[in-house]
Amino acid sequence: MQDQISSLRSIIEDEVGAANDLAALEAVRVATLGKKGSVSGLMKGLGGMSPDERKTMGPLLNALKGEVATLIAARKAVLEDAALDARLKTERLDITLPVLDHPSGSVHPISQVMDEIAEIFAGLGFDVAEGPDLESDFHNFTALNIPPEHPARQDHDTFYLAPDANGDRKVLRTHTSPVQIRTMMSKEPPIRIIAPGRTYRSDSDATHTPMFHQVEGLVIDKDTHLGHLKGTLEAFLKAFFEVDAVTLRLRPSYFPFTEPSMEVDVQCSFDGGMVKIGDGNDWLEILGSGMVNTKVLEACDLDPTVYQGFAFGCGIDRLAMLKYGMNDLRAFFDADLNWLRHYGFRALDLPTIAGGLSR
Ligand code: DAH
């Protein structure tokens, strides 16, 4: 009987070694450890043995069963590795192949406009700053001189999150202005940044989507004045709309975080339903701006007798619509392939001042 066990063991060893794929290995498993398998058959025989025989044969058969299971598992791991290697080989992609005959993606107009804006301001010495979409109430409102009972809070149609254990509610930032606060609290002046990004308000129609995009601008230094603000905005809007003559109108306005505040309009015409920037008899409101309120500087621990600066905020979606002639904001988010093909930009054409922003 013991001879029978050891010869069975060596036969099984050979069979396992000869199994060249997972299906063949499974067949060996069924033929040995399966219900009607050779090893299981021997185990069944234990029942008909005398107690003495069973005492010696039981452990031997159990050991055989364990050894066979280990052998099969080890072989299985080897075969699985080989199968994975073979699959990876067939799935290999040659990314150096030219893409000419393949469908290709394009850059979304919002991304294009963000790139154009960053390129223009990089030329004026601005860095790009970022902040989180999920903001604290402090950064989004309080530090910007919008305290809890301030009426401006109502204008923002804010999405609030459930309060945390301390009763603090986070908000989906309603504007990019909190990035001003984050920048002033973490960097020494002189500061020159723009902060493009996503913003959120509970509002939805042809010209409003609950998620939209803004770009914030902030300059803080020791001798910054309104002339710098006007010059910067003029340089930006000329470069952005790619027209030499852009006439701006600064209208007195109110924002809690700037004093004085102004809204900026550009001269335009609406002939034949088309907006043309640069000449004409109409005005188009483009952005909000002003000199940074001393209360905001103080909230960020900057001494207003030493530092001052200007800030502005502008809707990117609207800029894109104006520049590229789109009339419904919702199309930006429809993922309509025809629309994307029509309005998309070539992936490798990065906007540069020298090469032309939009070609
Ligand atoms: N945060 C304002 C808004 O969302 C826009 C704005 C206005 C930003 C004036 C500014 C500013 O930095 O100075 O409507």
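K.L.:
Pulling in residues and values, what's your account of the domain arrangement of the chain?
P.N.:
What the domain assignment reports for the chain is domain 1 (2-90) and domain 2 (109-328 + 338-343). Taking the mean C-alpha position of each, domain 1 and domain 2 sit 72 Å from one another.

K.L.:
Account for the nonpolar core, with residues named and values stated.
P.N.:
Ranked by internal contacts, the top residues of the largest apolar core, which has 44 residues, are Ile117 and Ile286. The set of elements that each furnish at least two residues to this core consists of α5 (109-123), β6 (211-221), α9 (226-241), β8 (258-269), β10 (282-292), β11 (308-315) and α11 (316-324). Counting 23 residues, the second largest nonpolar core, distinct from the first, contains Val171, Val179, Ile220 and Val292.

K.L.:
How would you explain the site of the ligand if you had to name every residue and give the values?
P.N.:
The environment of the ligand is made up of 15 residues, and the closest members are His175, Ser177, Arg201, Gln214 and Glu216. Gln180 places a side-chain nitrogen or oxygen 3.0 Å from an oxygen atom of the ligand. Between the ligand and Gln214, the relevant distance is 3.0 Å, taken from an oxygen atom to a side-chain nitrogen or oxygen of the residue. For the ligand, whose unbound accessible area comes to 360 Å², protein coverage reaches 90%. For the shell around the ligand, the secondary structure elements donating two or more residues are β6, β10 and β11.

K.L.:
A description of the pairing of strand β5 (residues 191-200) should follow, citing residues and the corresponding values.
P.N.:
Taking burial as the measure, the 10 residues of β5 include 7 buried ones, the bulk of the element. Both strand β2 (residues 127-128) and β5 contribute to a ladder of 2 bridges, which runs parallel. Its bridge partner lying in β5, Asp127 is registered against Ile193. For β5 and β6, the ladder comprises 10 bridges, and the chain directions are antiparallel. Residue pairing in the sheet places Thr199 in a bridge with Phe212 of β6.

K.L.:
So what's going on with the packing of helix α1 (residues 2-18) against helix α3 (residues 38-45)? Which residues, and what values?
P.N.:
Interaxial distance between α1 and α3 falls to 11 Å at its minimum, and their mutual angle equals 160°. The angle between α1 and α3 places the two elements in the roughly antiparallel class. Where α1 crosses over α3, the two elements pack in a sense that is left-handed. Here α1 contributes Gln4, Leu8 and Ile12 to the contact with α3, which in turn contributes Ser38, Val39 and Leu42. Residues of the contact of α1 with α3, tallied by class, amount to 4 nonpolar, 2 polar and no charged.

K.L.:
Talk me through the packing of α1 against helix α4 (residues 51-90); I want residue IDs and the actual numbers.
P.N.:
Here α1 crosses α4 at 5°, and the two axes come no closer than 10 Å. Here α1 is positioned roughly parallel relative to α4, judged by the angle of their axes. Counting all contacts with α1, which are made through Gln2, Ile5, Leu8, Arg9, Ile12, Glu13, Val16 and Gly17, the residues of α4 involved are Met57, Leu60, Leu61, Leu64, Glu67, Val68, Leu71, Ile72 and Arg75. Of the residues assigned to the contact of α1 with α4, the class counts are 11 nonpolar, 2 polar and 4 charged.

What counts and what doesn't
Residues numbered from 1 in each chain as written. Predicted model: local features only at pLDDT ≥ 70, side-chain atom pairs only at ≥ 80, totals over all residues. Heavy atoms only, no water. Domains from an automatic or database assignment. Core = buried A, V, L, I, M, F, W, Y, C linked by side-chain atoms within 4.5 Å. Buried < 20%, exposed > 50% of the residue type's maximum accessible area, 1.4 Å probe, protein only. Helix = DSSP H or I, 4+ residues; strand = E, 2+ residues; numbered from the N terminus. Near = heavy atom within 4 Å. Polar contact = N/O pair within 3.5 Å; in protein donor to acceptor, adjacent residues only side chain to side chain. Areas by Shrake-Rupley, 256 points an atom, 1.4 Å probe, with all protein chains shown as cover. Pairing = 2+ DSSP bridges. Axes fitted to C-alpha atoms, helices over the stretch in contact; angles between N-to-C directions. Parallel < 35°, antiparallel > 145°, perpendicular 65-115°, else oblique. Left-handed = near helix turned anticlockwise from the far one by under 90°. Contact = heavy atoms within 4.5 Å. Nonpolar A, V, L, I, M, F, W, Y, C, P; charged D, E, K, R; others polar.

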